[in-house]
Structure formats: structure tokens, C-alpha cells
Amino acid sequence: MYAPFLRQGRRRGLVLALSLLVGGSLMTACGSSGEPAATTQAGQSPASSAGTAGGLIAIITPSHDNPFFKAEADAAKAKAEELGYETSVASHDDDPNKQSELIDAAISRSAKAIILDNAGADASIGPVRKATDAGVPVFLIDREINATGIAKAQIVSNNSQGAQLAAQAFVEAMGSKGNYVELVGKESDTNASVRSKGFADVISQYPDMKSVARESANWDQQEAFTKMETIIQKNRDIQGVIAGNDTMALGAVAALKAAGLLDKVVVVGFDGSPDAIAAIKAGEMHATALQPAALAATSAVEQADEFIKTGKVSKDEKQSIDCELVTKDNADEFGVFARK
Amino acid sequence: MTSTSSRPVAETVQPERAAATARRLSLLNVAFELRAFIALAVLIVVFSVLSDSFLTVPNLITMTKHVAINAVIALGMLLVILKGGIDLSVGSIVGLSGVVAGELLGGLNLGFADLIAYPPVWVVIVLCMGVGALVGLVNGILVTRFKVAPFIATLGMLYVARGLALLISNGATYPNLAGDPELGNTGFGLLGSGRPLGLPTSIWIMIALAAVVALLLTKSPFGRWLYATGGNERAAELSGVPIRRVKTVVYVISGACAAIAGLIIASELTSAAPQAGETYELNAIAAVVIGGAALSGGRGTVRGTLVGAFVIGFLADGLVILGVSTFWQILIKGAVIILAVMLDQGQQRLKRRGAAASAVAATRQPDRPHQQ
């Protein structure tokens with residue numbers, strides 16, 4: 001499809017383009033492994049830092065353009081620095097290859113521990129084992145891997161419980177009956193199906209709740225908006241929308257508002273993002289299930305600290321943190337993915 | 001669009017037979033010219049049969065509103081593709097423009113004297129388009145002055161513009177762009193949700209922009225220069241076309257168009273996310289290609305591009321109305337794009353044969369140089 005650049009420079013153009021591409025990817029690789037996004041305490045070189053502070057804790061998460069991961073990384077960083085560690089924060093952008101490079105970098109810098117929100121349940125097993133074998137303990141947050149006994153801890157929020165919590169509030173607000181739309185997350189993502197199943201577990205108990213549409217909007221606000229507008233064209237008789245994340249719920253809110261339906265429709269989301277909490281306060285959304293991202297991150301750092309100091313972990317590897325329901329009644333009690 | 005007859009001809013065919021062949025092929029050509037319309041008609045018929053709620057006036061308006069966003073980007077992309085280039089940065093410009101709007105509507109901290117400026121909405125719109133045009137200008141300069149291949153230059157700017165959007169917003173979404181009556185910056189929402197004369201604003205924007213681009217291409221010297229540059233850059237340069245200026249201007253226009261699309265999206269949602277518009281460049285390219293433009297440049301029309309955008313948009317919305325699984329939606333979209341390009345290849349083969357035949361049939365006329 002991208003033929004034009006071949007046209008202009010002919011063969012030499014192609015060689016140049018390819019070498020640029022290769023060079024570019026090498027450069028990003030060096031950039032990310034050699035110099036993590038936000039190393040604190042400039043002036044301390046990695047080699048000498050191990051002796052001076054409590055050592056290095058590497059925090060690796062998906063892209064910070066999602067406020068959830070930013071909140072998680074910020075919380076872990078703050079806790080680690082409070083406990084006297086040096087930190088390096090980096091993002092793998094959900095690229096298993098980049099994640100592997102970042103873990104290599106952490107190993108070569110003799111990190112004391114890695115706090116990881118991983119880039120894939122299967123693809124991350126190898127890199128986590130590599131770090132563990134090299135003597136760097138890995139504490140997983142937010143997402144599990146499909147193996148146990150390698151990571152020191154896997155602390156995830158209880159998506160199933162959260163989804164059931166949200167669905168329960170949804171059913172109650174709808175008076176246990178009516179037509180509803182479900183917006184599902186990216187269907188290749190485990191969390192999308194776990195949440196959808198959690199919704200179904202509760203809603204299926206109420207025979208008067210009728211699903212009129214179930215669409216994936218890929219976690220995306222604009223896509224949720226567009227699909228919701230189209231669904232409204234098909235059927236205006238809708239009393240509720242339940243979405244796999246808040247971003248999609250807010251997209252649905254915008255579409256319902258434009259169609260003049262918002263005051264008749266109950267909208268429930270998932271995640272507890274600051275924007276959703278603002279919408280709940282404004283009466284545009286009914287509820288959301290807040291994932292305590294900050295709590296999981298600080299807990300992981302505390303357990304890492306314990307392991308570094310004692311060589312042991314006192315908790316089970318698999319830990320789940322319950323989600324909390326946010327409604328208009330308690331919206332003021334919550335901050336960025338955490339209780340205030 | 002049918003300016004291919006000036007291509008050099010190597011074949012020698014008997015004049016009478018060639019004339020007949022040319023006539024026959026030109027009929028086939030008409031069918032091919034209409035293929036995007038035919039595809040659109042087929043889509044509409046199929047979806048109307050399968051669902052009652054497809055062919056209704058409100059749904060057609062809603063779908064056209066969805067089409068408008070892609071069409072606005074695709075019109076800019078058309079100009080770049082006519083030049084023989086490509087603009088991969090438009091999706092990121094969509095995000096950047098929304099973020100800049102969010103930042104400006106939330107108050108522009110002037111730094112000195114603790115002053116926070118709240119520019120009125122029209123200023124915000126102009127500034128956002130300016131930002132899009134600026135990214136386009138960088139694209140243009142990279143391509144013309146530094147001879148970076150368009151694919152690479154705009155790929156680079158795809159990341160730069162997205163990075164800027166994330167930096168400005170610090171990764172967060174601007175949640176409320178409604179403005180404050182006291183500050184006199186309300187009305188941004190009208191761009192997405194206003195309905196002058198019964199149609200959403202975005203549809204009017206699409207119509208106006210299409211008219212402007214069509215006039216530009218068919219009635220202005222710039223249009224002739226653009227087709228000439230895309231058809232044969234060297235020949236255009238030798239006949240006095242300011243190809244550098246033409247090449248730079250198309251990227252500027254493309255950037256501004258993408259910025260408009262970003263504003264529409266931010267206005268519809270009354271919130272702006274830095275991730276908005278990811279992969280939109282591909283939808284725009286697809287619309288242009290389905291509309292019969294050649295990626296090698298010099299061939300393509302506004303009408304075709306609009307129909308291409310309608311094909312993609314109606315297909316997507318129709319499949320949602322039918323409740324087809326998301327995975328099938330993606331697959332079907334890909335198949336339609338490939339089919340369109342395959343048809344295009346067939347048309348090009350026919351055209352070359354037709355051109356060869358008619359060139360032999362007609363007595364050759366001396367080439368007319370471009371006049372300025």
C-alpha cells in the first residue's frame with residue numbers, strides 16, 4: 001500500500017528507507033534500555049547507586065498515555081522513593097520485545113527488584129524467568145502471567161468481582177428490567193472477556209433485562225460514541241448501557257446526550273477513572289467499579305522491600321485486590337484510582 | 001483524470017482496428033469509473049434488505065456524520081496522494097488538534113502577570129488548524145528541502161505529533177470542553193452537535209471542504225500543477241511548475257484538514273484525548289484508494305474520494321446495525337479495500353491498452369506546454 005516512496009528514489013530510496021527504519025528501531029531500543037523514561041536523581045550513576053541508596057527498583061508498565069498506568073507507576077515510584085530506593089520508570093507500550101529489553105536493562109543495572117505490569121500473559125513468562133534466574137525478583141501488578149512459581153507476587157485487581165459489583169448497581173438502577181446495550185473492550189484482551197462474563201453472571205439472573213446490542217468498541221471513546229450512535233438508530237428503546245471501561249462509557253454518554261436520551265438511560269462503566277468520577281458527580285453516569293491501581297502498586301513495592309531486606313515473601317503469590325463501587329453518594333471519597 | 005493519453009506509446013497497431021478497440025475499452029472504462037458508486041449502491045441495497053433500520057433518514061444522517069470525519073481527512077490526503085506522496089501523520093494531528101483545543105479552552109497561562117487567557121472558540125479553531133498546518137509544513141519541508149521520502153517524513157511526524165499531544169496533555173484526557181459563559185468561550189460543542197438547517201455541522205463542513213477542494217483541483221492553476229507534478233514530476237518542473245511549492249502546500253492543507261477532523265471529534269465528545277485518531281491515516285488512505293486514486297500520483301478525484309469514504313463508513317455502521325462480530329467487521333473491511341485496489345489495477349491495464357489504441361488511431365497532436 002505504501003508504494004510512493006519507492007517511486008521517488010527508486011532502489012536507492014528503498015535502501016535509504018529501510019536503513020532509516022532499522023536505524024530508527026535500534027535507536028529506540030538503545031534509548032529505552034540505556035536511559036529509562038524518568039530516572040530520578042540525576043548525577044547518580046547506576047553503578048554507584050546500589051551502594052548509596054537502598055538500590056534500584058525498576059518499574060515497568062504499559063504506556064502512560066492511559067492515566068491508569070500512569071497512576072500505577074507514579075504510586076510505585078513514590079512508595080519506593082519513600083522507602084529509600086532509587087527508581088527507574090519505563091513503559092513497554094504493550095510490546096513484549098520492548099519489555100524484554102527493559103528487563104535486560106534492569107538486570108544489567110543490578111536492580112534489586114522489578115515491579116512489572118506485563119505485556120502479555122504468555123509472552124512475559126520468559127522475560128520474568130530470565131530476571132528471576134539472574135537474581136532479580138519480579139513483582140507483577142494489574143495483569144497476571146500464565147505461570148506460577150516464577151514471579152514473587154502477582155497482585156491484580158479482581159476484575160470479576162468488580163464487574164459483578166458494577167452489574168449489580170446497574171441492575172438496581174434499572175429496576176431489574178429493560179433493554180440494555182453492552183460495550184465490550186478489545187476482544188483479544190483477557191480483561192474484556194472477564195468483565196463481560198462478570199456482567200453476564202449478574203444480569204442473567206434477571207429475566208426482564210434484555211440485551212439489545214453487544215458491540216466491541218476497543219476500549220476507545222470515539223469508537224464507543226460512533227457505535228452507540230448507530231445502535232440508537234437501530235433502537236431508541238434503551239434504558240441502560242454497561243461498558244467494559246469508563247472511556248467507552250463516556251463515549252456512550254456523549255452519544256446519548258446528543259440523542260437527548262441521557263436522562264432516561266443508566267450508564268455504568270469500569271476502572272474508576274477521574275473523568276468517570278467527574279461524570280458521576282455531574283449525574284451523567286450512574287456508577288463505575290474503581291480498580292485500586294495505586295494500592296496494588298504500593299503493595300507490590302512494600303513486598304519487594306520486605307523481600308530485599310529479609311529474602312522472604314510473607315504473602316501468597318496470587319493476590320487479588322477488590323474493586324470498589326463508585327456512585328454519586330461516595331464519589332467525593334475517591335482520587336486518582338485510589339481512595340483519597 | 002483521463003490525462004493518461006500523453007504517455008509514450010511503443011506499440012504500433014493498425015489505425016482502424018485500434019479505433020474500434022479504443023471505443024470498446026472506453027465503455028468498459030465507464031463501468032470501472034463507476035465501480036465505487038456501484039459498490040456503495042450494493043452496500044446500501046444489501047443492508048436495507050437485511051435491516052429495517054438502515055435506510056431511514058435519521059440513520060443516513062448519522063452515518064453521513066460518521067463518514068464526514070474520515071472524508072475531511074481523506075480530502076487532504078487526496079491532495080497529497082495526487083502529488084505522489086502519502087501523509088501518515090494525519091491520525092496524530094487529529095489527536096494533537098483536540099489536545100490543543102482542550103488546552104486553550106481550559107485557559108492559556110500567559111506566564112507573566114498571573115494572567116490566564118481564555119480565547120473565544122473561533123480563535124481556538126483557527127489556532128488548532130494552524131497547528132495542523134504547521135505539522136503539515138514540517139512534512140512539506142522535510143520532503144522538499146531535505147529530500148526525505150514522504151513515507152519516512154510523515155511516519156516520523158506521526159510519532160512526533162502524537163508525542164507532542166501526550167506531552168501537552170501529560171497523557172490525560174481533557175474532560176470538559178463546554179466552556180464557561182462567564183469567560184465567553186462557550187459554543188465549542190456546536191461543531192460536533194450543532195445542526196444548522198437540520199444537518200450536523202460536520203456534514204456541512206465536509207460538503208464545503210469538498211466543494212473547495214474540487215474547485216481547487218479543476219478550476220485553479222494549482223490543480224493543474226498538482227496533477228502535472230503527480231503525473232510526471234520532471235516534466236512538470238521543466239514546464240515551469242513550481243513543484244516545491246505545490247508539494248509543500250498539499251501537506252499543509254492535509255494537516256489543516258486533519259486538525260478540523262480532530263476538532264469535530266473533540267467537540268462531539270466535549271472531551272479531548274491525546275490518543276484520538278490512532279490509525280485514522282489508514283482509513284483516509286483507504287477512502288482515497290477505493291475512490292480510484294493512484295498511489296503513484298496524478299490520478300484521483302474529489303468525487304471518488306467522497307464515495308470511498310462513504311463505502312468505508314456505511315460498511316462499518318451497517319455491520320454494527322446487523323450485529324456482526326467485531327472480528328468479521330475488521331476482516332470484511334480489509335477485503336473491500338483489496339477488492340477496490342484489484343479493480344483499480346484492472347482499470348489501469350484497460351486504460352493503457354485504450355490509450356495505446358487511441359493514440360495510434362488519432363493523428364498525433366503536438367504537446368501543449370503548460371501555461372502560467
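Residues numbered from 1 in each chain as written. Chains lettered and ligands numbered in written order. Predicted model: local features only at pLDDT ≥ 70, side-chain atom pairs only at ≥ 80, totals over all residues.

The name given to chain B in an unreviewed UniProt entry is Erythritol transport system permease protein, with the source organism recorded as Thermocatellispora tengchongensis. UniProt, in the comment section headed Subcellular location (unreviewed entry), describes chain B in these words: "Cell membrane". (UniProt positions renumbered as here; feature names shortened; annotations may be inferred.)

As recorded by an unreviewed UniProt entry, chain A carries the name Erythritol transport system substrate-binding protein and is attributed to Thermocatellispora tengchongensis. Quoted verbatim from the Subcellular location (unreviewed entry) heading of the UniProt record, the comment on chain A is "Cell envelope". Taken from UniProt, the Sequence similarities (unreviewed entry) comment for chain A reads in full: "Belongs to the bacterial solute-binding protein 2 family."

A. View of the pairing of strand β12 (residues 324–327) of chain A. All names here are of chain A. Of the two faces of β12, only one is covered, namely that formed by E324 and V326; the face formed by L325 and T327 stays uncovered. As judged from the four bridges shared by strand β10 (residues 287–290) and β12, these two strands associate in the antiparallel manner. The partner of A287 across the bridge, within β12, is T327. (Buried ≥ 20, exposed ≤ 12 C-beta atoms within 10 Å, placed from the backbone. Helix = DSSP H or I, 4+ residues; strand = E, 2+ residues; numbered from the N terminus. Pairing = 2+ DSSP bridges.)

B. Expanded view of the packing of helix α3 (residues 57–82) of chain B against helix α8 (residues 201–219) of chain B. Residues and elements named next belong to chain B. Closest axis-to-axis distance for the α3/α8 pair is 8 Å, and the angle between their directions is 30°. Here α3 lies roughly parallel to α8, going by the angle between them. Handedness of the crossing formed by α3 with α8: left-handed. Contacts between α3 and α8 involve T64, K65, A68, I69, A71, V72 and L75 from the former and S202, I203, I205, M206, L209, A210 and V213 from the latter. Within the contact of α3 with α8, the residues separate by chemical class into eleven nonpolar, two polar and one charged. (Axes fitted to C-alpha atoms, helices over the stretch in contact; angles between N-to-C directions. Parallel < 35°, antiparallel > 145°, perpendicular 65-115°, else oblique. Left-handed = near helix turned anticlockwise from the far one by under 90°. Contact = placed C-beta atoms within 7 Å. Nonpolar A, V, L, I, M, F, W, Y, C, P; charged D, E, K, R; others polar.)

C. How the structure looks around the sheet that holds β10(A). Residue and element names in this part refer to chain A. Spatially, the six strands line up as an open sheet ordered β7-β6-β8-β9-β10-β12, and their pairing is mixed. Whereas interior strands pair on both sides, the edge strands pair on one side only; in this sheet they are β7 (209–216) and β12. Direction aside, the axes of adjacent strands within the sheet are offset by 20° on average. In terms of strand pairing, strand β6 (residues 178–184) meets strand β8 (residues 240–243) through four bridges, oriented parallel. By the bridge assignment, L183 is partnered in β8 with A243. Contacts from helix α6 (residues 159–173) reach β7, β8, β9 (266–271), β10 and β12, with the element oriented near 170° to β9.

D. How the structure looks around the UniProt feature "transmembrane region" (unreviewed entry) in chain B. Residue and element names in this part refer to chain B. In this structure's numbering, the residues bearing the UniProt feature "transmembrane region" (unreviewed entry) are residues 34–55, 67–86, 121–143, 155–177, 197–217, 248–267, 279–297 and 304–321. End-to-end, the C-alpha atoms of residues 67–86 are 21 Å apart, and along that stretch the chain is 80% helix and 0% strand. Taken end to end, residues 248–267 is 100% helix and 0% strand, and its two terminal C-alpha atoms sit 29 Å from one another.

E. Molecular detail of the domain arrangement of chain A. All names here are of chain A. Taken as a whole, chain A is organised into domain 1 (13–156 + 294–321) and domain 2 (159–292 + 327–333). In this assembly, seven residues from domain 1 lie in contact with five residues from domain 2. When contributions to the side of domain 1 that touches domain 2 are tallied by element, the ones reaching two or more residues are α3 (67–82) and α11 (293–310). A per-element tally of the side of domain 1 that touches domain 2 places α11 first, with three residues. (Domains from an automatic or database assignment.)

F. Spatial organisation of the interface of chain A and chain B. Every contact between the two is made by 35 residues of chain A and, on the other side, 37 residues of chain B. Residue contributions to the side of chain A that touches chain B peak at ten residues, all from helix α8 (residues 221–234) of chain A.

G. Geometry of the sheet that holds strand β2 (residues 86–91) of chain A. All names here are of chain A. Strand order in the open sheet made by the six strands is β2-β1-β3-β4-β5-β11, with parallel pairing throughout. Each edge of the sheet is formed by a strand with only one pairing partner; in this case those strands are β2 and β11 (318–321). Across the sheet, the mean angle separating the axes of adjacent strands is 15° when strand polarity is ignored. Looking at chain direction, strand β3 (residues 113–116) and strand β4 (residues 138–141) are connected through three bridges and run parallel. Its bridge partner being in β4, I114 is matched across the sheet by V138. Contacts from α3 reach β1 (56–61), β2, β3 and β4 within the one sheet, and its direction differs from that of β1 by about 175°. Lying over the sheet, helix α4 (residues 96–108) contacts β1, β2 and β3, oriented at roughly 175° with respect to β1.

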